[in-house]
Amino acid sequence: MTRLAGLFALVLLLGSHPGRAVAAGAGGGTCWNPEPPEYYTFEMVTTKNVPGTARLRGSAAVTFVHSPFGVSVSADGSYTYDVHLEFEGLPTAPRGGAWAVWLTKSDLSEVSYAGVIEPGEAFSGRVGWNKFLAIVTLEDPADLAVEGGPARWRGPVVTRGMSRSGMMHTMAGHGPLQQENCAAWGYGRGG
Amino acid sequence: MAAGAEGMRARLMCGIAASALLLAPAAVRAQMDGMDHSAHMHMEMSGGWRMPPMDMEMPMLPGLDGVVPVVEPFMPGMGMDPATLPEARPSELVPMADGDTLAMSVSMVRRTINGHEMVMFGYDGQYPGPLIQAPQGSTVVVRVVNEIQMPTTIHWHGIRIDNRFDGVPGLTQDPIGPGESFVYEIDVPDAGMYWYHPHVREDVQQDLGLFGNLLVTSPDPDYYGPANREEVFVLDDMLMDAQGAIPWGLDAPTHALMGRFGNVLMVNGVTDHQLEVERGEVVRFYLTNVANSRTFNVTFGGAAVKVVASDVSRYEREQRVESVIIAPAERYVVDVHFEEAGEVVIANSIQAVNHFRGTFYSKVDTLSRVTVQERAVADDLSAEFATLREHDDVQAEIDAFREHFDREPDHHLVTTLRVRDLPLPIVQSMEMDTLYVPPIEWNDAMPMMNWLSTAEQVEWILRDTDTGAENGDIQWDFEVGDVVKVRVFNTPDSFHPMNHPIHVHGQRFLVLSMDGVENPNLVWKDTAIVPVGSTMDILIEMSNPGDWMLHCHIAEHMHSGMMFNFSVGG
Ligand SMILES: [Cu+2]
């Protein structure tokens, strides 16, 4: 696949993404730019593991955290981003559960609980990693209410997406997620 | 390059005059085709091309063995004995009053970097050039005598200067030929730290030592707030191997894709910069990045840092930061509080990119070692440092422009590039590369590909998307008093996208927003970085009449076409 062809495919993918429609008329919690930078936006892909979420569509818009320098990096040089999640068709969580949002390094070596997302609402979090995953799981609210936040998810993964920087993997395999092809994460030609 | 008059101008700015050939080695291009590595060793002895250092664990692309840039190599003073040249002196402070004149030479000097004695250039025999200090509102005169074998000019970067003295060859003045002189009258309307450098083959002349600072002092002694001392840090890098500096391209720059990243980092021209401070000192650092292409992320160990000012003014509000991200040509003024005794390493701390492995990896290069003594500073400024000052006067000045913040842009620029005739392995490799490009290129992750791409093969483009005009064909005309909103989009959809520090001559601007997110703390700038994939909205105050440039400040990008002129009438 050539670079340009791949990018063209992505533009098509993102350009037709229903997450945009959600963003324009979203309910409470929408506090971000309605036209996020396309290059950093990525698709949230459903696992179809939880009943009622097979048709779930969503996207993660990523912007640099404000800094006086035009781009924001931490002292070790990692980019710091604000991540904004929006979904279309996120149902009420079954059996009194909660939809929990997690941000993790792409090798899952570090996991950060970001909070709960409600149907029809946008969600914002912050991340300081160059490559990261956004993951939504179905959790028991009691498990989320622990002091200092839960260390890791217990419930099933509902939907997940990989930051655009996760695409930097050619020539060296797909890292810990290489069992799945790129398309399963929203990348690749024609999704 | 664009055809016609603009193309002529571009060639004038890019080309080295025929006299420079006197210093260049004989053409060896024809001998180099098909040579292997042992041949490279031979070429080193003849003053020809030798491969750039490959220290990135990056495998050489198959098919590139023995390939060299399509331009001839250029080394100043090739064949000269450096001992015949005066040893350059460190920068000296030159306080000037209104109307004072400084005679300043541009000459060849001897310098030693990383153990290598080299023929380099210097302003007044110094590295960096003299630190010129002038009171705000004054006019100082600098008489420049060109004693090197290349034409040159001086651009007074960031100064809202009289157009005649902006130092752009072919636009505001004729280049200063070897043996010639030019008198610059420099009005300095804004307090702050500025710098000066040539506008002829910046990739060569600036890299070889032609840069210096111009400090414009405010009549207000409390302009920045109290500090125990002030330090000027000029950040630079140099591309060297065991033989010394890698040659530059004679007729056009090499390293056109990513710019010439150096592998030897320097503060004020030295690789072992050191400071000694007393415990508790608040040190004000004036940072200037004079590197061709490198954006630094400057850290100060565990010491507390606040950013006070940038290119052309103070910020609306002082702000705590962990590090300072400074692109080529930018300046930042930061206060640093050294509270604990011991050693503090001032470093460039980045997540470098390895495109082959698809990874980021931590890279920390020491820029300066600060020894904080046990003895406490007599004048304790902790309380003042802890205060984040707000500058009502800065905010009030900006208030007059807020009515323009939310309106549609007057002009749209997109940055991209075209390539032609690059070696096939490079083209194929780029096609195999991933679909992700980091927002900022922190390191040269493809040293061989980058070196081989010259301005003959790469054209970097600023395109006006409203008219379709590119680079020199863009014509913008304004009047004094116009307030112009420009949206710059750095498209990721190109052969090799890269961040660009965009510089506007003769005026000042505000960065209103990045990627649609409003900037909550404004500062007047002359240069601002546009990361890959990002959209930056800037508001330019057209306050200064004349013909001015807008260009990318990566030297190799500018010389690969990434520039145009605009006029301000009145
Ligand atoms: Cu550029």
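It should be emphasised that the depicted structure is a prediction, and the values quoted were computed from it without experimental measurement.

A. Examining the overall build of chain B more closely. In terms of helices and strands, chain B carries 9 helices and 38 strands. The C-alpha radius of gyration of chain B comes to 23 Å, within 12% of the 25 Å expected for a compact globule of 570 residues. Each of the three principal axes of chain B carries a C-alpha extent, and together these read 65 × 60 × 50 Å. In chain B, the proportion of contacts linking residues at least 24 apart, taken out of those at least 6 apart, comes to 80%. In the structure as shown, chain B presents an accessible area of about 18,800 Å², 50% of it carried by carbon and sulfur atoms. Averaging the coordinates of the 35 positive side-chain charges in chain B and doing the same for the 83 negative ones gives two points 1 Å apart.

B. Spotlight on the side chain of T153 of chain B. Residues and elements named next belong to chain B. With respect to the element layout, T153 can be found in the loop between strand 8 (139-146) and strand 9 (155-157). Owing to a relative accessible area of 0%, T153 belongs among the buried residues under this scheme. Side-chain polar atoms of T153 contact the backbone oxygen of G167, separated by 2.7 Å. Looking at T153, its side chain comes within polar contact range of the main-chain nitrogen of H199, at 3.1 Å. Ignoring sequence-local partners within four residues, the contact set of T153 consists of Y123, G167, P169, Q173, P175, I176, Y184, H197, P198, H199 and V200.

C. Region of interest: the interface of chain B and chain A. Counting residues at the interface gives 50 residues for chain B, matched by 37 residues for chain A. Inspection of the region where chain B meets chain A yields 0 salt bridges. At the junction of chain B with chain A, the criterion picks out 9 residue pairs in polar contact (both at pLDDT 80 or more). A total of 4 residues in the side of chain B that touches chain A trace back to one element, the largest contributor, which is strand 25 (residues 342-354) of chain B.

D. Just the coordination of the copper ion, in detail. Residues and elements named next belong to chain B. Bound to the copper ion are the protein donor atoms H500 (ND1), C552 (SG) and H557 (ND1), situated 2.1 Å from the metal. Read in sequence order, the donor residues coordinating the copper ion give the pattern H-x51-C-x4-H. Here H500 is found in strand 31 (residues 500-504), whereas its partner H557 is found in helix 9 (residues 555-558), with 57 residues between them in sequence. Considered together, H500 and H557 belong to a single accessibility category, that of buried residues.

E. Broad picture of the sheet that holds strand 29 (residues 476-479) of chain B. Residues and elements named next belong to chain B. What the 5 strands build is an open sheet, ordered 29-38-37-31-35; its pairing is mixed. Only two strands of the sheet have a single neighbouring strand rather than two, namely strand 29 and strand 35 (527-530). Sheet twist, expressed as the mean angle between neighbouring strand axes with direction ignored, is 25°. Two strands pair when backbone bridges link them, and strand 37 (residues 546-552) and strand 38 (residues 563-569) are joined in this way by 6 bridges, in the antiparallel orientation. If you follow G546 over to strand 38, its bridge partner there is V568.

F. Highlighting the packing of aromatic side chains. Residue and element names in this part refer to chain B. Counting across every chain of the model gives 27 aromatic pairs over all chains. Consider the rings of W49 and W451, whose centres lie 5.7 Å apart with planes at 85°: the pair is edge-to-face. Of this pair, W49 sits in the loop between helix 3 (37-46) and strand 1 (73-74) while W451 sits in helix 8 (residues 447-452), placing them 402 residues apart in sequence. No difference in accessibility class separates W49 from W451, as the two residues are buried. Measuring from centroid to centroid gives 4.9 Å for W476 and F564, while their planes differ by 70°, and the two rings are edge-to-face. You can see W476 sitting in strand 29 and its partner F564 sitting in strand 38, a full 88 residues away along the chain.

Quick notes on the rules
Residues numbered from 1 in each chain as written. Chains lettered and ligands numbered in written order. Predicted model: local features only at pLDDT ≥ 70, side-chain atom pairs only at ≥ 80, totals over all residues. Heavy atoms only, no water. Helix = DSSP H or I, 4+ residues; strand = E, 2+ residues; numbered from the N terminus. Rg over C-alpha atoms; globule rule 2.2 N^0.38 Å. Contact = heavy atoms within 4.5 Å. Areas by Shrake-Rupley, 256 points an atom, 1.4 Å probe, with all protein chains shown as cover. Lys, Arg positive; Asp, Glu negative; His and termini not counted. Charge placed at Lys NZ, Arg CZ, Asp CG, Glu CD. Buried < 20%, exposed > 50% of the residue type's maximum accessible area, 1.4 Å probe, protein only. Polar contact = N/O pair within 3.5 Å; in protein donor to acceptor, adjacent residues only side chain to side chain. Salt bridge = Lys/Arg side-chain N within 4 Å of Asp/Glu carboxyl O. Donors = N, O, S within 2.8 Å, 3.2 Å for Na, K, Ca; no water. Pairing = 2+ DSSP bridges. Axes fitted to C-alpha atoms, helices over the stretch in contact; angles between N-to-C directions. Phe/Tyr/Trp six-rings, centres within 6.5 Å; stacked < 30°, edge-to-face > 60°.

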